[in-house]
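Each chain is listed here by its residues.
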Amino acid sequence: MGTVVDAPAVVAEEVTENMLGGKKVTVVFVLGGPGSGKGTQCANIVEHFGFIHLSAGDLLRAEIKSGSENGTMIENMIKEGKIVPSEVTIKLLQEAMIKSENDKFLIDGFPRNEENRAAFENVTKISPAFVLFFDCSEEEMERRLLGRNQGRVDDNVETIKKRFKTFVESSLPVIEHYSSKDKVKKIDAAKPILEVFEDVKAIFAPYAPKAE
Ligand SMILES: Nc1ncnc2c1ncn2[C@@H]1O[C@H](COP(=O)(O)OP(=O)(O)OP(=O)(O)O)[C@@H](O)[C@H]1O
Ligand SMILES: Nc1ccn([C@@H]2O[C@H](COP(=O)(O)O)[C@@H](O)[C@H]2O)c(=O)n1
Ligand SMILES: [Mg+2]
């Protein structure tokens, strides 16, 4: 009798775990300071491991361009290096995940603070498989941001300083939170792009496409 009674509970737990819009999803949070190389490495991971890349910053910039009612507020926050309220960012991430036919997501630049983290957990019930943390000095990150040349309103010395402050005060505690749960995989992001990707590849090996 014991096994008959226990079985449904186990099945229910498996089915509800990380479910989104009827599909089971794998989420990896990609964190690191501004200019640490999150976007650059996400593009490589997409190419080799079949994940979808969702950059919270890119989604917010697209929201500004779309003429959304939140556009002015988001633009002001980005110019000040501040973090946009979670409900705005989570809605954009959720919509993008539900719209996608893929089930493996790299969420880049999120959660950026404790409010982002707790709200995402409460709203989606999704826990990350792990957190990829790109560790890099401020000196190197500033050098990269000033050389990026993508016309971003926040790639100037004044805003970069504010973004670094936000990262240290608000984002590092999120990394510490996941570290206490043994979920953080830290990468030395100061190395050249290809060398960083070698380290990233080792972490993503379990997600390598199966040979036919
Ligand atoms: N390992 C690296 N060595 C040298 N330059 C790099 C490296 N990784 C990325 N870059 C360059 O640094 C700049 C910033 O990289 P990227 O946009 O990937 O950073 P990011 O972490 O996504 O930054 P942000 O948080 O501002 O979006 C880009 O011009 C990129 O080409
Ligand atoms: N969870 C997030 C992520 C980003 N922002 C705002 O966007 C700016 C740019 O983000 P990048 O990841 O592209 O560097 C960031 O400085 C924040 O102003 C956010 O509010 N919440
Ligand atoms: Mg980026």
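Along each chain, the written sequence defines residue order, and numbers are assigned to residues from 1. Chain letters and ligand numbers both follow the written order, the letters beginning at A and the numbers at 1. Selection of residues for local features in this predicted model requires a pLDDT of at least 70, selection of side-chain atom pairs for listing and counting requires 80 or more, and totals for whole chains, interfaces and linings are taken over all residues. Hydrogens and waters are ignored; side-chain quantities use all the structure's heavy atoms.

As annotated in an unreviewed UniProt entry, the protein chain carries the name UMP-CMP kinase and comes from Urochloa decumbens. A UniProt comment under Subunit (unreviewed entry) is attached to the protein chain, and it reads "Monomer." For the record of the protein chain, the UniProt heading Sequence similarities (unreviewed entry) holds the text "Belongs to the adenylate kinase family. UMP-CMP kinase subfamily." UniProt positions are given in the numbering used here, feature names are shortened, and annotations may be inferred rather than shown by experiment.

Our next topic: helix H2 (residues 38-49). Put simply, DSSP marks the helices as runs of H or I at least four residues long and the strands as runs of E at least two long, and each gets a number from the N terminus on. Each residue after the first adds 1.5 Å to the expected span of a helix. Helix length check: H2, at 12 residues, gives a terminal C-alpha distance of 16 Å against a target of 16 Å (1.5 Å per residue), a fit within 8%. Relative accessible area decides the class of each residue, using a 1.4 Å probe on protein chains only: under 20% of the type maximum gives buried, over 50% gives exposed, and in between gives partly exposed. Looking only at H2, the buried set comprises Lys-38, Gln-41, Cys-42, Asn-44, Ile-45 and Phe-49. For H2, the angular spread of the buried residues around the axis is 160°, confining them to a single face. In this fold, the buried residues of H2 make contact with strand E3 (26-32), strand E4 (52-55), strand E5 (104-108), strand E6 (130-135) and helix H9 (193-204). Phi for Gly-50, located one or two positions after H2, is positive at around 70°. It is the directions from the helix axis to the C-beta atoms whose arc is reported. Residue contacts follow a heavy-atom distance rule, with two residues in contact if any of their heavy atoms lie within 4.5 Å.

Attention now goes to the UniProt feature "binding site: a ribonucleoside 5'-phosphate" (unreviewed entry) in the protein chain. Residues annotated by UniProt as "binding site: a ribonucleoside 5'-phosphate" (unreviewed entry) correspond here to Arg-61, Lys-82, Ile-83, Val-84, Gly-109, Phe-110, Pro-111, Arg-112, Arg-152 and Arg-163. None of the other annotated residues line the largest pocket; only Arg-61, Lys-82, Ile-83, Val-84, Gly-109, Phe-110, Arg-112, Arg-152 and Arg-163 do. Within the secondary structure, Lys-82 sits in the loop between helix H4 (71-79) and helix H5 (86-99). Position of Ile-83 relative to the elements: it lies in the loop between H4 and H5. When near neighbours in sequence (up to four residues on either side) are disregarded, Ile-83 contacts Met-77, Arg-112, Asn-113, Asn-116, Thr-166 and Ser-170. Here a cavity is any set of points on a 1 Å grid over the protein atoms alone where a 1.4 Å probe fits but cannot get out, and a pocket is any open set with protein on both sides within 12 Å along at least 5 of 7 lines; a residue lines the site when it has an atom within 4 Å of a point.

Let us now look at the site of ligand 2. Any residue with a non-hydrogen atom lying within 4 Å of a molecule or strand is treated as near it. Around ligand 2 lies a shell of 16 residues, among which Arg-61, Lys-82, Val-84, Gly-109 and Arg-152 are the nearest. A distance of 2.7 Å separates an oxygen atom of ligand 2 from a polar atom in the backbone of Val-84. Contact with the protein chains removes 96% of the 450 Å² of surface that ligand 2 exposes when unbound. Here ligand 2 is seated within the largest pocket. When residues of the shell around ligand 2 are traced back to their parent elements, those giving at least two are helix H3 (56-65) and H4. No other element matches the four residues that H3 contributes to the shell around ligand 2. For this classification, the nonpolar set comprises Ala, Val, Leu, Ile, Met, Phe, Trp, Tyr, Cys and Pro, the charged set comprises Asp, Glu, Lys and Arg, and every other residue, Gly included, is treated as polar. When grouped by side-chain class, the residues that make up the shell around ligand 2 number seven nonpolar, three polar and six charged. What qualifies as a polar contact is a pair of N or O atoms within 3.5 Å, subject to a donor-acceptor requirement within protein and to the restriction that residues adjacent in sequence count only when both atoms come from side chains. Using the Shrake-Rupley algorithm and a 1.4 Å probe, accessible areas are obtained, with residue cover drawn only from the displayed protein chains. Pocket or cavity membership: a molecule qualifies when more than half of its atoms sit within 2 Å of the grid points of that site.

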